[in-house]
Amino acid sequence: PVFDTLSDRLTSVLQNLRGKGKLSDADIDATAREIRIALLEADVALPVVREFIKHVKERAKGAEVSEALNPAQQVIKIVNEELVGILGGETRRVNLAKNPPTVIMLAGLQGSGKTTLAGKLATWLKQQGHAPMLVACDLQRPNAVTQLQVVGERAGVTTFAPQPGNGVGDPVDVAKRSIEEARHAQHDVVVVDTAGRLGVDEELMQQAADIRDAVQPDETLFVVDAMIGQDAVTTAEAFRDGVGFTGVVLTKLDGDARGGAALSVRQVTGEPILFASNGEKLEDFDVFHPDRMASRILGMGDMLTLIEQAEQAFDQEKAEQAASKLGTGDMTLEDFLEQMQAVRKMGPIGNLLGMLPGAGQMKDQLSQVDDSQIDRLQAIIRGMTPAERENPKIINASRRQRIANGSGVAVREVNDLVNRFYEARKMMQQMAGRFGFGGGGGSAT
Ligand code: GDP
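Residues numbered from 1 in each chain as written. Predicted model: local features only at pLDDT ≥ 70, side-chain atom pairs only at ≥ 80, totals over all residues.

Taking an unreviewed UniProt entry as the reference, the chain is identified by name as Signal recognition particle protein belonging to Prauserella alba. As recorded by UniProt, the Sequence similarities (unreviewed entry) comment attached to the chain reads in full: "Belongs to the GTP-binding SRP family. SRP54 subfamily." Among the UniProt annotations of the chain, the heading Subcellular location (unreviewed entry) holds the following wording: "Cytoplasm". (UniProt positions renumbered as here; feature names shortened; annotations may be inferred.)

Draft legend 1. Quick look at the packing of helix α3 (residues 46-61) against helix α4 (residues 71-86). Following both chains from N to C, one finds α3 and α4 inclined at 145°, their axes separated by 10 Å at the closest point. As α3 runs across α4, the sense of the crossing is right-handed. From α3, Val 48, Phe 52, His 55, Val 56, Arg 59 and Ala 60 reach across to α4, where they touch Val 75, Ile 78, Val 79, Glu 82 and Ile 86. When grouped by side-chain class, the residues that make up the contact of α3 with α4 number eight nonpolar, one polar and two charged. (Axes fitted to C-alpha atoms, helices over the stretch in contact; angles between N-to-C directions. Helix = DSSP H or I, 4+ residues; strand = E, 2+ residues; numbered from the N terminus. Left-handed = near helix turned anticlockwise from the far one by under 90°. Contact = placed C-beta atoms within 7 Å. Nonpolar A, V, L, I, M, F, W, Y, C, P; charged D, E, K, R; others polar.)

Draft legend 2. Layout of the UniProt feature "domain: SRP54-type proteins GTP-binding" (unreviewed entry) in the chain. Those places that UniProt annotates as "domain: SRP54-type proteins GTP-binding" (unreviewed entry) correspond, in this numbering, to residues 272-285. Here residues 272-285 runs as 0% helix and 43% strand, with 17 Å between its end C-alpha atoms.

Draft legend 3. Summary view of helix α11 (residues 290-298). Buried within α11 we find Pro 290, Met 293, Ala 294, Ile 297 and Leu 298. One side of α11 holds all its buried residues, which, seen down the axis, span an arc of 135°. Where α11 is buried, its residues meet α1 (4-15) and α4. Once α11 ends, the next one or two residues include Gly 299, with phi positive near 60°. (Buried ≥ 20, exposed ≤ 12 C-beta atoms within 10 Å, placed from the backbone. Arc of directions from axis to C-beta.)

Draft legend 4. The domain arrangement of the chain, seen in detail. Structurally, the chain comprises domain 1 (4-90 + 300-304), domain 2 (102-288) and domain 3 (315-435). With 11 residues of domain 1 at the contact, the number on the domain 2 side is 14 residues. Residue composition of the side of domain 1 that touches domain 2, by class: eight nonpolar, two polar and one charged. (Domains from an automatic or database assignment.)

Draft legend 5. The arrangement of unusual backbone geometry in detail. Omega for the peptide link from Pro 100 to Pro 101 comes to 5°, which places this bond in the cis form. Following the sequence through the fold, Pro 101 ends up in the loop between α4 and β1 (102-107). Positive phi values are uncommon outside glycine, yet Lys 252 reaches one of about 60°. Secondary-structure assignment places Lys 252 in the loop between β6 (247-251) and α10 (260-269).

Draft legend 6. Seen up close, the sheet that holds strand β2 (residues 132-137). An order of β3-β2-β4-β1-β5-β6-β7-β8 is seen for the eight strands of this open sheet, with the pairing classed as mixed. Pairing within the sheet leaves two strands with one partner each, and these edge strands are β3 (158-160) and β8 (285-287). Strand after strand, the sheet turns through a mean of 25° between neighbouring axes, direction not considered. For β2 and strand β4 (residues 189-194), the ladder comprises six bridges, and the chain directions are parallel. (Pairing = 2+ DSSP bridges.)

Draft legend 7. Representation of the site of the ligand within the structure. Lining the immediate surroundings of the ligand are 18 residues, of which Gly 113, Lys 114, Thr 115, Thr 116 and Ser 277 lie closest. Looking at which element gives the most residues to the shell around the ligand, the answer is helix α5 (residues 114-127), with three residues. The class makeup of the residues in the shell around the ligand is no nonpolar, 13 polar and five charged. (Near = placed C-beta within 6 Å.)

Draft legend 8. Helix α9 (residues 231-242), seen in detail. Between its first and last C-alpha atoms α9 spans 16 Å; for 12 residues at 1.5 Å apiece the expected length is 16 Å, and the two agree. Residues Ala 232, Val 233, Thr 235, Ala 236 and Phe 239 constitute the buried set of α9. All buried residues of α9 fall inside an arc of 165° around its axis, so they share one side. Along its buried surface, α9 packs onto β1, β5 (219-225) and α10. Of the residues one or two after α9, Gly 244 is the one with positive phi, at around 85°. (Expected span 1.5 Å × (residues − 1).)

Draft legend 9. Seen up close, the nonpolar core. Leu 134, Val 135, Val 190, Val 191, Val 192 and Val 224 are the most contacted members of the largest nonpolar core, which has 99 residues in total. No other element matches the six residues that α4 contributes to this core. Counting residues in each nonpolar core, the second largest holds 11 residues, with Leu 377, Ile 381, Met 384 and Val 414 among its members. (Core = buried A, V, L, I, M, F, W, Y, C linked by C-beta atoms within 7 Å.)

Pasting the structure below:
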């Protein structure tokens, strides 16, 4: 697919950050430089690249530090969010008219995939419970009407077209009549296919503008072939100025070209991407989700999910307290329990190993712990007095017996827990030294 090369490049740039404890400004600059090259090579428009890199640098160097994430993850998160940003942020749904029919007009160069898209849209609209109708307003190309009819048949929808033998016909007139017909035949969405030329030209723009004025579309979709490179941006600007549009459809995302220009269209025109086409079949089509596309481009769907979960589960304030305590060896059993609960909130423990700083060391420890064990540990700690949780040293043999009885476990398990706690505390102290948190002002970067 179109973004494969970009995806490979970005993934490897970001992977190089893994395992770094702290990123210097020089590290960030170097990473930003590589991301810049990757984007430019993928044909993303220069102003878009500049803006992107500027944001990534500022944010990565700035105070935007999340205690839940290690430095590499923070950069990945920032790059991801910026990518989602240039792709439009929130998913933009198609606007439906309060008084049907909703009119969707398609505009774009010849060969961009408008006719194919009309069929895909019709299929999708039907699945959404609508009764769409296609309208053939491309009366210039000899085969265009027939082609739309064929597409309509395949999609199982009506196609409105001028009667054959009536001369060339006036596309504006066809468009107007189609709306009446849609009302009459109770079609609630009308998809108007318009003529495209091989290049941008005045007459084409005027015709599209006339059709637009005649049918007052609820959406005008600019259809753009993701494989045409930098021309995508200039064409988009020409259509924006000549006809105006409310949304973009990217086609041929299954192609193997660089495709980055298509990523620039949103930023350059300010209009959102609504749909994406990735093949010649009717079902090769989807609503465009900026967040999903960004994570596909980063090739890190799982990592991004983990980052999200880690952040949600993480209580910043407690983390800071814990971090400063851990480093000085002041961790109590209460902290220990909280840590385990936080880890547990993040989901199956197995998934988490890779994202913990110092995961290598923790791996063996953590892989022995499962959720039911955490329940048991929790029960044991709950069976202790506050003084015991605060200062485990006082837990002598008779206290152990009492705790075991109270929480319904064997004394051996209480011993295990206490030993494990001491080990964990030692490990935390070592890690704290290695990552530079704790001890000092409690900043956990
Ligand atoms: P129009 O001139 O804008 O109406 O473009 P068409 O719908 O006729 O499409 C031009 C060519 O691109 C046709 O051969 C289509 O089969 C092909 N096409 C359209 N959309 C896609 C797509 O998403 N992927 C691929 N691979 N081909 C597509």
